[in-house]
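These are the residues of each chain, in order.
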Amino acid sequence: MTSDNVSIEHAHQLRGVVRVPGDKSTSHRALMISALADGTSRIEGLSTGNDVASSAMIMEQLGAHVERDGSVVFVTGPEEGLRAAIAPLDCGNSGTTMRLLTGLVSSIHGDHDLVGDASLSQRPMDRVAIPLELMGALVQGRGKSVTAPLHVQGRSTLRAIDYHVPHASAQVKSSILFAGLVAQGVSSVLEDVRTRSTTEDMFRSAGINVESDDVAQGRRVTLHPGRPEACHWTVPGDPSQAAFFCVLGAVHRDAVLNIIDIDASPERTGFVGVLQRMGATIESEHRGTHLSLAVSSSALVATEIHSREIPSVDEVPILVVAASAATGVSAFRQMNELRIKESDRFEGSMELSRRLGCRVWSDGDDFFVEGIGGAEKFSTFEIDAGLDHRMVMAAAVAGSAGSGCRIAGSATVASSYPHFFGDLAALQ
Ligand code: S3P
């Protein structure tokens, strides 16, 4: 096997405390907001993944100064503001970088080229191009879905917008909000499902006048233009990474795991409720905006999961592993957004469950998993994760709780969690 392939053995017993990396969403935004500010911001606990490293590098290309001092990162935004770079801005594997950045550079006068890896270059950018063009920027890409490489012509003044986001997407909302910082007038974004509020919360902390109002199941965000102030940011642990260890602790036969200090936002922690509904023993302890979870081996039962519960659908692949270990048929409803993530996670999650030995089938945007009543019954399997970090981690959890596995393309885990395999091994 090459270094990009990994073999996972069944773990006999799992005990320990896991501190997952800093939240990826908060980390990207901390870098971007700090780069836009006039002065030096301090960021503690920044994600160590490659996705966030791409955002940091791009902020430097645009004129910010980024300096690491141990676990603290200092970002100084230039007094005169960011300026267009000559070289292409390489977003790597990171959809959040590309979508938020498209909004951010729309507000910087000049020409910007945005590129990404093979996975990112397949992902639709029309969802940000459409509102940003309505605001006065020019966003060009390939084909109808406007895929990268992107060419963006930014303007230092944009038109304000009143936009109803047609998908549940924090990235689209955030892209518009970044552009709205230099718009002439008040911009407003309406979403039908409450997605993570990271951008609006962090803008507020940086002195921007932004209001949020709940509207039925959704939310309206109203933004007044302005320049963010330099801040001190403390990044909480990433709940989407915690989900892997939560499922591992629940489905493994002999496990007691503590996952500490993650972001407690309701839009991010829907997976905890799903697992508890399935019968998982999870004790949660809230400390301010942080959450710690204690999880131990549990016999799971099937459930029905709607994408509204997990608005980003990031935790669905690992919940499919939980459903595969449960007794009964679990239904995953309205999961269309899974198809346009780092890989087609709709097909990928079904295939993973199939390889574990489960019967799976789909009906339109819904799919179903008939669990086999215990991870110890999982088959040994091989899988190619493509360029999808979450598929690597979901497969590794299934192999560790089950009968082992071989994962091709495992190096892509570094997009979000470079020490994942080390943290997993430390629990045995
Ligand atoms: C993110 C939003 C989500 C999520 C992604 C991070 C963000 O994507 O899947 O991992 O930081 O705004 P969508 O906006 O496509 O739902």
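Computed from a predicted structure; not experimentally measured.

## Here we look at the pairing of strand E9 (residues 147-154)
Sheet analysis places strand E7 (residues 110-115) next to E9, joined by five bridges and oriented antiparallel. From the neighbouring strand, Asp111 faces E9, where its bridge partner is Gln153. Relative to E9, strand E8 (residues 138-142) runs antiparallel, the two being bridged by four bridges. Looking at E9, one finds that Arg142 is bridged to Thr147. Taking the residues that link successive antiparallel strands as the turn, the E8-E9 hairpin has four residues, and the phi of Gly143 there is positive, at about 70°.

## Comments concerning the pairing of strand E13 (residues 187-191)
Among the five residues in E13, five count as buried, and that is most of the element. Side chains Ser187, Val189 and Glu191 project from E13 onto one buried face, and the interleaved Ser188 and Leu190 project onto a second face that is buried too. As paired elements, strand E11 (residues 162-165) and E13 share four bridges and run parallel to each other. Residue pairing for E13: Val165 is matched across the bridge by Glu191. With five bridges joining them, E13 and strand E15 (residues 218-223) adopt antiparallel strand pairing. Paired with Ser187 across the two strands is Leu223, which belongs to E15.

## Re the site of the ligand
Lining the immediate environment of the ligand, one finds Ser25, Arg29, Thr96, Ala168, Ser169, Ala170, Gln171, Arg196, Ser312, Asp314, Lys341 and Arg390. In the environment of the ligand, an oxygen atom lies 3.0 Å from a nitrogen or oxygen atom belonging to the backbone of Ala170. Contacts to the ligand include Asp314, whose side-chain N or O atom sits 2.7 Å from an oxygen atom. Taken by itself the ligand offers 380 Å² of open surface, and the protein chains cover 95% of this. In this structure, the ligand is accommodated by the largest cavity. Counting residues per element, the ones that place at least two in the shell around the ligand are helix H1 (24-36) and helix H5 (170-180). Across the shell around the ligand, the residue classes tally to two nonpolar, five polar and five charged. Two domains share the shell around the ligand, each providing at least three of its residues, namely domain 1 (5-22 + 236-426) and domain 2 (24-234).

## Looking at the packing of H1 against H5
The interhelical angle for the contact between H1 and H5, taken along N-to-C directions, is 5°, at an axis separation of 13 Å. Judged by the inter-axis angle, H1 sits roughly parallel to H5. Between H1, through Arg29, Met32, Ile33 and Leu36, and H5, the contact on the second element is made entirely by Ala170, Ser174 and Phe178. Taken together, the residues that form the contact of H1 with H5 break down as five nonpolar, one polar and one charged.

## Thoughts on the nonpolar core
Soluble, globular proteins show a tendency: their nonpolar side chains are buried together. Ranked by size, the top nonpolar core spans 75 residues in total, and within it Phe245, Leu275, Phe332, Phe367, Ile407 and Phe420 carry the most contacts. Phe332 has contacts with Ile305, Val316, Leu319, Val320, Ala323, Asp365, Asp366, Phe367 and Val369, leaving out every residue within four places of it along the chain. In this structure, Val52, Leu150, Ile176 and Phe203 belong to the second largest nonpolar core, which totals 62 residues.

## Focus on the side chain of Ser197
On the secondary structure map, Ser197 appears in the loop between E13 and helix H6 (198-205). On the basis of relative accessibility, which here comes to 11%, the residue Ser197 falls in the buried class. At a separation of 2.7 Å, a polar atom in the side chain of Ser197 contacts the side chain of Asp201. In this structure, Ser197 is in contact with Lys173, Arg219 and Glu267, ignoring residues within four places of it in sequence.

## Description of H1
Here H1 spans 19 Å end to end across 13 residues, near enough to the 18 Å set by a 1.5 Å rise per residue. Of all 13 residues in H1, 13 are buried, a share of seventy percent or more.

## Describing helix H9 (residues 316-325)
Most of H9 sits out of view: 10 of its 10 residues are buried. Looking at H9, one finds that the buried residues are Val316, Pro317, Ile318, Leu319, Val320, Val321, Ala322, Ala323, Ser324 and Ala325.

## Quick word on the packing of aromatic side chains
By the definition in use, this model includes nine aromatic pairs. An aromatic cluster of at least three residues, connected via ring pairs, comprises Phe244, Phe245, Tyr417, Phe420 and Phe421. The side chain of Arg339 reaches across the aromatic face of Phe346, ending 3.9 Å from its centre.

## Details of the state of the cysteines
Counting across every chain of the model gives zero disulfides. Cys405 takes part in no disulfide bond, and the closest cysteine sulfur, belonging to Cys358, lies 14 Å away.

## Points about empty space enclosed by the protein
Using the criterion set out here, one finds one cavity of 30 Å³ or more in the structure. By volume, the largest cavity amounts to about 400 Å³. As for the largest cavity, its lining consists of 32 residues, and the residues nearest its centre are Gln171, Arg196, Ser312, Asp314 and Lys341. Of all the elements in the fold, those that place two or more residues in the lining of the largest cavity are H1, helix H3 (95-106) and H5. At four residues, H1 tops the list of elements feeding residues into the lining of the largest cavity. The residue makeup of the lining of the largest cavity includes at least three contributed by each of domain 1 (5-22 + 236-426) and domain 2 (24-234).

## Considering the sheet that holds strand E2 (residues 14-18)
Strands sit in the order E2-E17-E19-E18 across an open sheet of four strands; the sheet is mixed. Since the sheet does not close on itself, it has two edges, and those belong to E2 and strand E18 (281-287), each with one partner. In this sheet, neighbouring strand axes are inclined to one another by 15° on average, regardless of whether the strands run parallel or antiparallel. Its contacts with the sheet put helix H7 (residues 239-251) on E2, strand E17 (255-263), E18 and strand E19 (290-296), and the angle it makes with E17 is roughly 165°.

Conventions adopted
- Residues numbered from 1 in each chain as written.
- Predicted model: local features only at pLDDT ≥ 70, side-chain atom pairs only at ≥ 80, totals over all residues.
- Heavy atoms only, no water.
- Pairing = 2+ DSSP bridges.
- Helix = DSSP H or I, 4+ residues; strand = E, 2+ residues; numbered from the N terminus.
- Buried < 20%, exposed > 50% of the residue type's maximum accessible area, 1.4 Å probe, protein only.
- Near = heavy atom within 4 Å.
- Polar contact = N/O pair within 3.5 Å; in protein donor to acceptor, adjacent residues only side chain to side chain.
- Areas by Shrake-Rupley, 256 points an atom, 1.4 Å probe, with all protein chains shown as cover.
- 1 Å grid on protein atoms, 1.4 Å probe; cavity = no way out; pocket = protein on both sides within 12 Å on 5 of 7 lines; lining within 4 Å.
- Sits in = over half its atoms within 2 Å of the grid points.
- Nonpolar A, V, L, I, M, F, W, Y, C, P; charged D, E, K, R; others polar.
- Domains from an automatic or database assignment.
- Axes fitted to C-alpha atoms, helices over the stretch in contact; angles between N-to-C directions.
- Parallel < 35°, antiparallel > 145°, perpendicular 65-115°, else oblique.
- Contact = heavy atoms within 4.5 Å.
- Core = buried A, V, L, I, M, F, W, Y, C linked by side-chain atoms within 4.5 Å.
- Expected span 1.5 Å × (residues − 1).
- Phe/Tyr/Trp six-rings, centres within 6.5 Å; stacked < 30°, edge-to-face > 60°.
- Lys NZ or Arg CZ within 6 Å of the ring centre and 35° of its normal.
- Disulfide = S-S within 2.5 Å.
- Points joined across faces, edges and corners; volume = space filled by probe spheres on them.

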